[in-house]
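An overview of the molecular structure
Below are the chains, spelled out letter by letter.
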Amino acid sequence: MNPHEQTWQAVAIELGVEAERGLPPEAAERRLVEAGPNQLPQKKPRSLLGQFIDQFRDATVLALVAAAVIALVLAFLDSVSRGWLERFGDAGAIVAIVALNAVLGLWQERKAETALNALQRMTAPTATVLRAEREQTIPAEEVVVGDVLVLRVGGRVVADARVVAASDLQVTEAALTGESLPVSKLASAVLPQETPLAERNNMLWSGTHVVSGNGRALVVATGPSSELGKIATLLGSVEESQTPLQKELQRFGTRVVLGCVLVGLVVFVVGLLQLQESPTFLFLTAVSLAVAAIPEGLPAITTIVLALGVQAMANRHALIRRLSAVEALGAADIICTDKTGTITQNRMRVRRVWVAAGGGSECEVEKLAEAAPGARELLARLVFLCQFGADAGADQGGEAASNPTDAALHSLFISFQSALEVGTGERLRELPFDGTRKLASTVVRAEGVLRLVSHGAVERVLERATHVFADGRRRDVLSEELKGVLEAQIASFAATGLRVLALAERELTEEEGVTLQAMEAEKLECGLTLTGLVALADPPRPEAALAVATAKNAGVRTVMITGDHPLTALAIAREVGIAEASDVAVTGTEIESWSESQLAERVDGLRVVARATAGTKLRLVQALSQRGHLVAMTGDGVNDAPAIKAAGIGIAMGQGGTDVARESADMVLSDDNFATIIHAIEEGRVIYANIQRFIEFLFAANVGLVLAVFGAVIFGWPPLLTPTQILWINLITNGLPALALGMEPVHGDPMQKPPRESGAPILDQHAWLSVLGYGAFMAILGLGSFWLYFDASLQNGAEARSVAFTVLALSPMFYAFTARSRFSSIFSLGLFSNWRLLGAFAAALVLQAIAVFAPYMGEVFDTIPLGAGDVAVCMLLGMSVWGLGELVKLVARQLGSAS
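Note that the coordinates shown come from a computational prediction; the quantities given were computed from them, not determined experimentally. (Residues numbered from 1 in each chain as written. Predicted model: local features only at pLDDT ≥ 70, side-chain atom pairs only at ≥ 80, totals over all residues. Heavy atoms only, no water.)

With respect to the nonpolar core
Across soluble globular proteins, you tend to see nonpolar side chains buried next to one another. The biggest cluster of nonpolar side chains holds 109 residues, and the ones touching the most others in it are Met667, Phe694, Leu720 and Leu721. Top element by residues in this core is helix H26 (residues 674-714). It accounts for 20 residues. Non-local contacts of Leu720, meaning those with residues more than four positions away in its chain, are made with Ala708, Val709, Ala712, Gln725, Gly782, Leu783, Phe786, Arg801, Ala804 and Leu808. (Core = buried A, V, L, I, M, F, W, Y, C linked by side-chain atoms within 4.5 Å. Buried < 20%, exposed > 50% of the residue type's maximum accessible area, 1.4 Å probe, protein only. Helix = DSSP H or I, 4+ residues; strand = E, 2+ residues; numbered from the N terminus. Contact = heavy atoms within 4.5 Å.)

Written out as structure tokens, the structure reads:
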């Protein structure tokens, strides 16, 4: 049987220990050897070398590495007397690009997976146990099954344990179960087997904290066997999912590499058949052409653009831990969010009050100070009682040091003390909250009157109440009619997810005052006068409703998954717009009873899931992912970590979250603001659009280069470009211009569009038509310029090649201005709105001028200086690409307006 199903005496017998004495030291040592230390399994972090090697798993990068090796071998075997730069320039350029990509990726993703280490840190370093009738403080890892834990306020629970004795023992379990309120623990409770984890009030869980009272408990599970350990095991078995960009780039890169190898092979074979050049030259040309066709700037520029996105998000309080997660946010169509600390503030607040006098009247907290004069005295009376709801640890801001309910009551007193002219009193005795009494009381002396004030569970107050407070010193009998009104009011509060407390008081006689310290609680807390009710809740963050609405407009559905009570969760979900009036909350127990097929059928209709465990959250995220959704999972607790890790994008809270959640996440919100997720989604969409933009540009430029060289081979012409020229064009076009397009300012409002479909290709049909069309046009310009300057005598072959070389280098630069938008003219976008592109254009002009006109560069690039007329022809031909783009956009806008 499970420990919660048995009495603690039965558990003690089963574990072979006397709870009053504890384990003998020799028995504890033997059990430690047999079971091992009380610590969680740790995952060995990846080495720096392993992380570096991971940067070369991409097919495009591997192809570039192979090309660099081939280029190096050919350079060493080259018997022709050429300069060092000319021989090794090709390989050097490729190696530089590959190295830049690897270093940037390693720099951003250096942090190893440390989720299990974070779980380990949550375990308290020491524990107080009872051994051989003596209390001992020992390292937490030496705690064994059968040990008797001694628990006090502020201490951590270091292992799962069955409660043996409890005096006002309350424990916060939010990090493990998601329950926002402290849980009162009882030794006498015996619970059914199916009792959810969050409702086992006779059990303590490793990693939780004692916030009030004291007690003792029998350890029943340590290390991996504890509930925290089970989550650690679950977390270790979860594989990180790839983002859509990662998946698409892998498919994309593999196809491109295969296509480029095929193009190079065709050029080599055709060249051999025509016997125009030596096999070595043809092979180097084929390799260079294949390299030129491969967008080698793609990995590096993608990494840079994502890294810049990381910086932009960091400025908006979103810290990215995994680079590829930046764009994944743009594709997210579901946000699975925790409630406590994410949607809500994780701070209890009094939301409404009800005053018993006059048949009962309800008032919103915000309007307490505006109450009618007749009601002000009654409200002041109620607020007066609230000042004794906080313990002596309340800080200057009115927040109680431990219990959030006490903090909420004291906060109400602080807020309206002046407005309602509430007095104060001298505390004489305190009766702390007890799990059996379910009451907390304080005896005070105020205005010369000795008074007991109480607050607690409504049913317990009503058991002890005989009257209701009317006004002044008058009391009315608590009639059955008023009890009916009271029950209706309680039901109304509960239906909206509010937690209800009753406040009551009674005057003590001077005789009672003399024996005050010796009186039992039962004698003091009787004959009470009911003053009113207060309804508390953990309020939503002010920005949560707007954030949910913005997400909805952007086609992103929000689902609340929490360990809290169903009514509370549903009320908050409706308040912030996650759920509609017709929606209902489904519990984790219900979901666990569903088969996989039932879950698949119903998961898309879920809006609120309550009493969810770590396993429930993980199962929901996996079910949604299998349905084709890209899920963003947010949370702050240990119980959120497995689902956070399994989600397409895991998001943790930076301030209120646990180390485990943060280390398992792809993104951490430094301000714990749900609205920051929406900003990050917007940034992710902008980044993905820019990635599409520069990829389209890269392929159009490379297609133009490949078609031009391939066309010259097919026509039987002499080589249009040398291998060095091919790689040079590739270098200047695949570098700064593509990066500048990756930093294009946002066009329109990205949040007015639905998320892109999961699995959609990076380049759609329209993009591929644009790539082929502009690429073919640039190839025609290159071939045409070569034909224009070339004659059969081959006397001016160097001049023709220099002109074609310059045209094929400049035309992609002019095309970059067209690639900024498919429909908007550069004049409407603003020529200077992307100043980086202007800088890249100027840099390309300077570099090309160096290649053509600089001394000694002619030997490296096989060029001759061009005249002013030749330069004008090259510029006009290159500019024609931009002119074509403006014409195409004009036609597209006209067709769009006509439709």
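Focus on helix H1 (residues 8-15)
Where H1 is concerned, the buried positions are Trp8, Val11, Ala12 and Leu15. Buried residues of H1 fall within an arc of 100 degrees about the axis and therefore sit on the same side. What points out from H1, more than 90 degrees from its buried face, is the exposed set Ile13 and Glu14. Buried positions along H1 lie against helix H2 (25-35), strand E4 (160-172) and strand E7 (209-221). Gly16, located one to two residues past H1, shows a positive phi value of around 70 degrees. (Arc of directions from axis to C-beta.)

Some thoughts on the side chain of Glu5
Positionally, Glu5 belongs in the segment before H1. With sequence-adjacent residues up to four places away left out, Glu5 is seen in contact with Val190, Leu191, Pro192 and Gln193.

Concerning the packing of aromatic side chains
Enumeration according to the criterion identifies six aromatic pairs in this entry. Ring geometry for Tyr774 versus Tyr815: centroids 4.8 Å apart, planes at 40 degrees, classification tilted. Separated by 41 residues along the polypeptide, Tyr774 in helix H29 (residues 765-789) and Tyr815 in helix H30 (residues 797-818) bring together distant segments of the chain. A relative accessible area of 9% places Tyr774 in the buried class. In this structure Tyr815 comes out as buried when scored by relative accessible area, which is 1%. Centroid distance Phe827 to Trp882: 6.1 Å. Interplanar angle 70 degrees. Geometry classified as edge-to-face. On the criterion of sequence distance, the pair formed by Phe827 in helix H31 (residues 826-829) and Trp882 in helix H34 (residues 868-898) is long-range, its members being 55 residues apart. By relative accessible area, which is 65% here, Phe827 ends up exposed. (Phe/Tyr/Trp six-rings, centres within 6.5 Å; stacked < 30°, edge-to-face > 60°.)

Looking at the packing of H26 against H30
Where H26 contacts H30, the axes come no closer than 10 Å and their chain directions differ by 155 degrees. With respect to their mutual orientation, H26 and H30 come out roughly antiparallel. Our pair here, H26 against H30, has a crossing hand that is right-handed. Each of Glu696, Phe697, Ala700, Ala701, Gly704, Leu705 and Ala708 in H26 lies in contact with H30, whose residues at this interface are Leu808, Pro812, Tyr815 and Ala816. Its residues assigned to classes, the contact of H26 with H30 shows nine nonpolar, one polar and one charged. (Axes fitted to C-alpha atoms, helices over the stretch in contact; angles between N-to-C directions. Parallel < 35°, antiparallel > 145°, perpendicular 65-115°, else oblique. Left-handed = near helix turned anticlockwise from the far one by under 90°. Nonpolar A, V, L, I, M, F, W, Y, C, P; charged D, E, K, R; others polar.)

Some details on a nonpolar patch on the surface
Taken together, Leu262, Leu265, Val266, Val269 and Leu273 make up a surface patch of nonpolar side chains, about 460 Å² in accessible area. When you line up the elements, Val266 lands in helix H9 (residues 244-274). On the basis of relative accessible area, Val266 is assigned to the partly exposed category, the value being 31%. (Patch = residues over 30% accessible without salt bridge, like charges linked within 9 Å, V, L, I, M, F, W, Y side chains within 5 Å. Areas by Shrake-Rupley, 256 points an atom, 1.4 Å probe, with all protein chains shown as cover. Salt bridge = Lys/Arg side-chain N within 4 Å of Asp/Glu carboxyl O.)

Observations regarding the pattern of salt bridges
Under the counting rule described, the total for this entry stands at 20 salt bridges. With a closest N to O distance of 3.9 Å, Asp338 and Lys617 form a salt bridge. Of this pair, Asp338 sits in the loop between strand E9 (334-337) and strand E10 (349-355) while Lys617 sits in helix H23 (residues 614-626); the two residues are 279 residues apart in sequence, bridging distant segments of the chain. The class for Asp338 is buried, based on a relative accessible area of 3%. Salt-bridge contacts for Arg820 lead to Glu744; the nearest nitrogen and oxygen are separated by 2.9 Å. One end of the pair, Arg820, is in the loop between H30 and H31; the other, Glu744, is in the loop between helix H28 (736-741) and H29, and 76 residues separate them in sequence. Note on Glu744: relative accessible area 2%, which makes it buried.

Section: unusual backbone geometry
Notably, Ala132 is not glycine yet its phi reads approximately 55 degrees, a positive angle. Topologically, Ala132 is positioned in the loop between strand E1 (126-131) and strand E2 (134-139).

As for the environment of Val559
Positionally, Val559 belongs in strand E19 (residues 557-561). Between the C-alpha atoms of Val559 and Gly605, which are 46 residues apart in sequence, the distance is 9.6 Å. Setting aside residues up to four positions removed in sequence, Val559 forms contacts with Ile334, Ile335, Cys336, Thr337, Ile578, Leu606 and Arg607.

With respect to the packing of H30 against helix H32 (residues 835-853)
Helix packing for two helices is described by the angle between their axes and how far apart those axes are. Two elements in contact, H30 and H32, have axes separated by 10 Å at closest approach and are oriented at 175 degrees. Taken together, the axes of H30 and H32 lie roughly antiparallel to each other. Here Phe805, Thr806, Ala809, Leu810, Met813, Phe814, Ala816 and Phe817 of H30 come into contact with H32, specifically with Leu837, Leu838, Ala840, Phe841, Ala844, Leu845, Gln848, Ala851 and Val852.

Notes on the environment of Ala767
Here Ala767 lies in helix H29. A C-alpha to C-alpha distance of 9.7 Å links Ala767 and Phe697, two positions 70 residues apart in sequence. If we skip the residues at most four places from it in the chain, Ala767 touches Glu696 and Arg822.

Structural notes on the sheet that holds strand E8 (residues 318-320)
Ordered by their spatial adjacency, eight strands build an open sheet running E8-E24-E23-E22-E9-E19-E21-E20, and the pairing between neighbours is mixed. The open sheet is flanked by E8 and strand E20 (585-587), the only strands paired with a single partner. Pairwise comparison of adjacent strand axes, ignoring direction, gives a mean angle of 20 degrees for this sheet. Pairing of strand E23 (residues 649-653) with strand E24 (residues 667-669) involves three bridges; the strand directions are parallel. By the bridge assignment, Met653 is partnered in E24 with Leu669. Contacts from H23 reach E9, E19, strand E21 (608-610) and strand E22 (631-635), with the element oriented near 165 degrees to E22. (Pairing = 2+ DSSP bridges.)

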